[in-house]
Amino acid sequence: MSNVIVTLPNGDKKETPQGTRIADFVKNSIGAGLAKAAVFAKLNGAEVDLSRAIDADASLQIFTSKNPEALEVARHDAAHVVADAVQQLFPGTQVTIGPTIEEGFYYDFFREKPFTPEELEQIEKRANEIVQKDVAFVREEVSPEAAVKLFEGKGEKFKIEIIHDIVNKGAKTLTLYKHGDWVDFCLGPHGPSTGKIGVIKILSSSGAYWRGDAKNPMLQRIYGIAFFDQKALDAWSKQKEEAAKRDHRRLGKDLDLFHFHPFAPGSAFWSPKGTALYTTLQGFMRKLALDSGYVEIKTPLLFNKGLWEISGHWDKYQDNMFLVKDSESGELTYGLKPMNCPSHYLYFAMKKHSYRDLPMRLHTQDVLHRNEAQGALSGLTRVRQFAQDDAHIFCTEDQIGSEVSRFVKLLDQVYGAFGLTYQAKLSTRPEKRIGSDEFWDKAENGLKVALESMKVEYELKPGDGAFYGPKIDFDVSDSIGRKWQLGTVQLDYNAAQRFELSYIGEDNKEHRPVVLHRAIYGSFERFIAILIEHFAGAFPTWLAPVQAIIVTVADRQLEYANSLKAKLGAEGFRVEVDDRGLSMQKKIAEAQVQKIPFTLVIGDREVETNAVAPRRYGGADLKAMPFDEFAALFRKEANWPTGAAPKPA
RNA sequence: GCCGACGUAGCUCAGUGGUAGAGCAACUGAUUCGUAAUCAGUAGGUCCCCGGUUCAAGCCCGGGCGUCGGCUCCA
């Protein structure tokens, strides 16, 4: 048998007999240490098991528990182990699919009864026993017929359905993975044995429709996660706890920002503090938008269905709309607006426009209602009543590029003010679309140039645009690394036709404007939820509902304290005096719990010298200083990042 | 909407069929204090709602409402 040449990532070339298994090659030609740590490999870039033979000259890359890719493989291994455990404990349960997901894995089972928490504990225990036994994973290639026969024998109807689907797509051979007696039909790759997994934790269970379709049977999904060792699991659990402490629903209560009532599910009550936050964000956005050439308008909340028929909402979106009865006819004649776009189109069409009016940038922060499914509601992130920092830009095709640039600049400024970083995704023309290629060229190019001129890195998503135009979505990363899709700018070639919008061009003829939909916060509600979690409730001074609280050592300093409050209050700052009959220490403690940026301690010394003794949230004790000195320092942080004084909406 | 878990004082939570509890918050009184929690006392609940089982229900059963975790990131 001849030798083949294996090229390693560092460029080294090694010879080995043709047909050598990767595991053996690593052990003999590289080192026993790596062989022991290896989880899977890439052979010529394709993910494979270590048991795979090297049949020809190839490049080889070994992945160990140090590589994130290996952890994903181990979690896929864990999904198999969990399925094995379930079928051991609950014979008759059918398996379906068990992929890895962003955080862990799941496995869907078909079974009449949902898993109880006790059963999940048993499953976790059994799964970890299988890990301890360190059973080897064995890969096998079989014909579709053999695979069907195998799973028919086991009564695995869902597996057979999957096999048929795959065969219909042209697959000739299928792969099976066995560990011990348990076998699953699976692409792989898998690690060498169950022992590599380390530790499996079952997280939760829930119902999930087969193939995500409510018409299909309901499956029982088990979520889990796996790590190479207990230490990594503990670290992950701890991180989870930390994230839970930031939960905006938790902090919303603790900091008294907002509340919900069963009579208004999905619609928040905002406390004075929450309202301060809300209106600050509104005012900030308003200021920046106006500075960027927008005009603000308000439009009706309630519209006759005639509008929704034109916009298409009556056909396509009615289930998500709140309809209102006309008390005279008894008919559901009206609908609460779920979006601002149609009313902006109506507004645009109310006057005849010249090309000189363009671009026209309409900004609106009106309240919107969407009837979200009961089970979809969640804190402030998924609500039925909310407001967007919405705007529509009406422009000519030639203005697309400069308008998108202007928007990206604004967006950059806004996210920067909150210390949020972002990534852009550009979605281009799909196969089914309207509009000429010329339009799409101009539109996509406008988006691209805008991103490039702003030096924004972006991911290209070819074919992912809407049928009526391309778009850019912006994912922001918060302080603990989570990603949220927030901003968007979407070109719309369709709206102007539907609503017969036009302007008179230089040529004295009618033209259709292009519409850009765009938002930066997305919705105020969801954005506030994200900010609460991003800052863990400790808002920067300019945003904080209470920016400074004054604590006196004794009641005799209250008069002076109130005079300071009045001075700062007159400048638009949110300052309070804690005049309750509590000890100074207690008041300071509470100010910390409430995460108020500045606590100003006032004793006889400060009164005598017209000073304050400020303390920052977190405990940094600034030395006593003249009030004017403090005020200058405070203004810098308490003013909006634009430098403007805080004059909320 | 569907599956599951949960719903007890303003908040966080104990309470597995036999007289509804704690801590914090609130209120009253005393204390006026120099940078993270002064002391004592008082009050506070239709145990989410409706119905059922039982001598007896916060607890068991059924229905409703709400909250939470999920409901195609490809074998």
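This section reports on the structure supplied with the text. Bear in mind the structure is a predicted one, so any value in this text is a computation, not a measurement.

Definitions and cut-offs
Residues numbered from 1 in each chain as written. Chains lettered and ligands numbered in written order. Predicted model: local features only at pLDDT ≥ 70, side-chain atom pairs only at ≥ 80, totals over all residues. Heavy atoms only, no water. Near = heavy atom within 4 Å. Polar contact = N/O pair within 3.5 Å; in protein donor to acceptor, adjacent residues only side chain to side chain. Helix = DSSP H or I, 4+ residues; strand = E, 2+ residues; numbered from the N terminus. 1 Å grid on protein atoms, 1.4 Å probe; cavity = no way out; pocket = protein on both sides within 12 Å on 5 of 7 lines; lining within 4 Å. Points joined across faces, edges and corners; volume = space filled by probe spheres on them. Nonpolar A, V, L, I, M, F, W, Y, C, P; charged D, E, K, R; others polar.

1. With respect to the protein's contact with RNA strand B
Item 1. With respect to spatial proximity, 56 residues lie near RNA strand B, and among them Phe185, Leu187, Ser206, Tyr209 and Gln374 are the closest.
Item 2. Close to the protein, within 4 Å, the atoms of RNA strand B are drawn from sugar and phosphate at a rate of 56%.
Item 3. With respect to RNA strand B, the side chain of lysine 253 contributes an N or O atom lying 3.2 Å from a phosphate oxygen.
Item 4. Glutamine 374 is positioned with one of its side-chain polar atoms (N or O) 3.2 Å from a phosphate oxygen of RNA strand B.
Item 5. Taken together, the elements giving at least two residues each to the surface near RNA strand B come down to helix H6 (157-168), strand S14 (199-209), strand S15 (218-227), helix H8 (248-254), helix H18 (584-593), helix H19 (604-609) and strand S37 (611-616).
Item 6. Among the elements that line the surface near RNA strand B, the one with the most residues is H18, at seven residues.

2. A short note on the layout of surface pockets
Item 1. In this structure, the largest pocket spans a volume of roughly 1200 Å³.
Item 2. In this structure, the largest pocket is lined by 40 residues; those nearest its centre are Met339, Cys341, Arg370, Gln388 and Tyr468.
Item 3. The set of elements that each furnish at least two residues to the lining of the largest pocket consists of helix H11 (313-316), helix H12 (341-349), strand S26 (390-395), strand S29 (471-477), strand S30 (483-492), helix H15 (495-498) and strand S33 (514-519).
Item 4. A total of six residues in the lining of the largest pocket trace back to one element, the largest contributor, which is S30.
Item 5. A breakdown of the residues in the lining of the largest pocket according to their chemical character gives 14 nonpolar, 15 polar and eleven charged.

3. Details of empty space enclosed by the protein
Item 1. A full pass over the atoms with the stated rule returns one cavity of 30 Å³ or more.
Item 2. One number sums up the size of the largest cavity: a volume of about 100 Å³.
Item 3. Lining the largest cavity are Leu255, Leu257, Lys273, Gly537, Phe539, Ala544, Pro545, Val546, Gln594, Lys595 and Ile596.
Item 4. Classifying every residue of the lining of the largest cavity gives seven nonpolar, two polar and two charged.

Honestly, it's all geometry; don't read function into it.
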